[in-house]
Amino acid sequence: MIIRTDIRPGDIGYLIYLHGVLYAREYGLDYSFEGYVATGLGEFAKSYDERRDRLWLAEDGGRIVGSIAIVGGKIE
């Protein structure tokens, strides 16, 4: 397993997909939750500032298996 912080084409869309299938399976949520996640991650992608924001992606065998995002951290 590796952890990376570079955002590549397809990463944001794949995270939206992962949220959709996981929360449907675990909590019975429908496609509207996926839309909610898409809105937030879309805004993150559009306003991403590498000095203030961070996205860590866990990959196993080249496949994203987890993530953590920090938005708008304080610059000192």
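In the block above lies the structure referred to throughout.
Residues numbered from 1 in each chain as written. Predicted model: local features only at pLDDT ≥ 70, side-chain atom pairs only at ≥ 80, totals over all residues. Heavy atoms only, no water.

**A closer look at the layout of surface pockets**
At step 1: Considering only enclosed or pocket space, the largest pocket measures out at about 200 Å³ in volume.
At step 2: Forming the boundary of the largest pocket are Leu15, Leu18, His19, Val21, Leu22, Tyr23, Arg25, Ile64, Val65, Gly66 and Ser67.
At step 3: Here the lining of the largest pocket is built from residues that sort into seven nonpolar, three polar and one charged. (1 Å grid on protein atoms, 1.4 Å probe; cavity = no way out; pocket = protein on both sides within 12 Å on 5 of 7 lines; lining within 4 Å. Points joined across faces, edges and corners; volume = space filled by probe spheres on them. Nonpolar A, V, L, I, M, F, W, Y, C, P; charged D, E, K, R; others polar.)

**Observations regarding helix α2 (residues 31–47)**
At step 1: When the terminal C-alpha atoms of α2 are compared, their 25 Å separation across 17 residues agrees well with the 24 Å that a helix rising 1.5 Å per residue should span.
At step 2: Among the residues of α2, those classed as buried are Phe33, Val37, Leu41 and Phe44. Buried residues of α2 fall within an arc of 55° about the axis and therefore sit on the same side. The outward face of α2, more than 90 degrees from its buried face, is lined by the exposed residues Tyr31, Thr39 and Lys46.
At step 3: Of the surrounding secondary structure, the elements contacted by the buried residues of α2 are α1 (11–27), β2 (54–60) and β3 (63–70). (Helix = DSSP H or I, 4+ residues; strand = E, 2+ residues; numbered from the N terminus. Expected span 1.5 Å × (residues − 1). Buried < 20%, exposed > 50% of the residue type's maximum accessible area, 1.4 Å probe, protein only. Arc of directions from axis to C-beta. Contact = heavy atoms within 4.5 Å.)

**Considerations on the packing of aromatic side chains**
At step 1: Going through the model one piece at a time under the given rule, you end up with five aromatic pairs.
At step 2: Taking the centre distance of 4.8 Å and the plane angle of 45° together, the rings of Tyr23 and Phe33 count as tilted. Placement of the pair is Tyr23 in helix α1 and Phe33 in helix α2, with a sequence separation of ten residues.
At step 3: According to the relative accessible area criterion, Tyr23 is partly exposed, its value standing at 27%. (Phe/Tyr/Trp six-rings, centres within 6.5 Å; stacked < 30°, edge-to-face > 60°.)

**A closer look at a nonpolar patch on the surface**
At step 1: Taken together, Met1, Ile3, Trp56, Val65, Ile68 and Ile70 make up a surface patch of nonpolar side chains, about 610 Å² in accessible area.
At step 2: Ranked by the residues each element gives to the nonpolar patch, the list is headed by β3, at three residues.
At step 3: The residue Ile68 is located in strand β3 in this model. (Patch = residues over 30% accessible without salt bridge, like charges linked within 9 Å, V, L, I, M, F, W, Y side chains within 5 Å. Areas by Shrake-Rupley, 256 points an atom, 1.4 Å probe, with all protein chains shown as cover. Salt bridge = Lys/Arg side-chain N within 4 Å of Asp/Glu carboxyl O.)

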